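Structural overview
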Amino acid sequence: PPVRPPEGGHFYVATLDPAYKRDAFAFTIGHMERGIFVQDYIHAWRGARDAPIRPGAVLDEINAITLQYGIRLLTSDQYHSESLMELALARGMVIEPSPLTGELKHRMWSDFNSLLLQGKVKLVDHPDLLDELMKMERILTKFGNTQYAGGGRRDDLAMVTALCAHKAMQTGEPT
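This section reports on the structure supplied with the text. Please read all numbers here as calculations on a predicted model, not as lab measurements.

The next thing to look at is the pattern of salt bridges. One pass over the structure, following the stated rule, counts 5 salt bridges. Ionic pairing is found between K167 and E96, a salt bridge with its closest N-O pair at 3.4 Å. Note that K167 is positioned in helix α5 (residues 156-171) and E96 in strand β5 (residues 94-97), a separation of 71 residues in sequence. K167 gets classed as buried once you look at its relative accessible area, which sits at 16%.

Scanning the entire structure with this criterion turns up 5 aromatic pairs. Ring centres of F27 and W45 lie 6.5 Å apart, and the angle between their planes is 45°; this geometry places the pair in the tilted category. Here F27, found in strand β2 (residues 24-33), pairs with W45, found in strand β3 (residues 36-46); they are 18 residues apart in sequence, far enough to count as distant. Its relative accessible area of 0% is what places F27 among the buried residues. Assessed through its relative accessible area of 11%, W45 is described here as buried.

Before going further, it helps to spend a moment on the sheet that holds β5. One open sheet holds the 6 strands; their spatial order is β5-β4-β1-β2-β3-β6, and the pairing between them is mixed. Pairing within the sheet leaves two strands with one partner each, and these edge strands are β5 and β6 (121-122). Where strand β1 (residues 13-17) and strand β4 (residues 73-76) come together, 3 bridges link them in parallel fashion. Across the sheet, residue T15 finds its bridge partner in β4, namely T75. Each of β1, β2, β3, β4 and β5 touches α5; the most contacted strand, β2, lies at about 30° to it.

The packing of two helices is summarised by the inter-axis angle and the distance between the axes. Two numbers describe how helix α1 (residues 55-69) lies on helix α2 (residues 81-89): the axes approach to 10 Å, and their chain directions differ by 50°. Relative to α2, the element α1 is oriented oblique. As for the relative orientation of α1 and α2, their crossing is right-handed in sense. Residues P55, G56 and L59 of α1 lie in contact with α2, whose contacting residues are L84, L87 and A88. Among the residues making up the contact of α1 with α2, the classes are represented as 5 nonpolar, 1 polar and no charged.

Calculation criteria
- Residues numbered from 1 in each chain as written.
- Predicted model: local features only at pLDDT ≥ 70, side-chain atom pairs only at ≥ 80, totals over all residues.
- Heavy atoms only, no water.
- Salt bridge = Lys/Arg side-chain N within 4 Å of Asp/Glu carboxyl O.
- Helix = DSSP H or I, 4+ residues; strand = E, 2+ residues; numbered from the N terminus.
- Buried < 20%, exposed > 50% of the residue type's maximum accessible area, 1.4 Å probe, protein only.
- Phe/Tyr/Trp six-rings, centres within 6.5 Å; stacked < 30°, edge-to-face > 60°.
- Pairing = 2+ DSSP bridges.
- Contact = heavy atoms within 4.5 Å.
- Axes fitted to C-alpha atoms, helices over the stretch in contact; angles between N-to-C directions.
- Parallel < 35°, antiparallel > 145°, perpendicular 65-115°, else oblique.
- Left-handed = near helix turned anticlockwise from the far one by under 90°.
- Nonpolar A, V, L, I, M, F, W, Y, C, P; charged D, E, K, R; others polar.

None of the figures reported here should be taken as evidence of function without further support.
Structure, rendered in structure tokens:
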């Protein structure tokens, strides 16, 4: 389905990958259910050089959505985290910055790939997300580090989905 409505008995997590002009401001919600990562919602807002994204307006929309799922804590990368945290607090939300270091990207993509290989991922129907996931590349740098990138293309929806799965695995399921 394109969206899974909220149901009782789940620990929902929400993640952001903010952007303002060129990239997408990506947002997703997911949860773990019987060891499976279930994505419930995904959306992206796109800005342009002459019409940048208005973060307050985006957070208003996100707030309305997260209220339905009972979410008040969102995880975001470090991009403009101070200003976003202030805007979120004014709306009753808390944004937890999670710098997307090489180590965190490695952990979140390892978690996501592991779930995929085991058939333990249920994504919402979103063509751009599927396209981005299919184009993700794991690159070994000359220093022996692993990087993940969208093959020179957009990767905002893929990154926010992998981060959401990683956070959902950390949060776990209700007992």
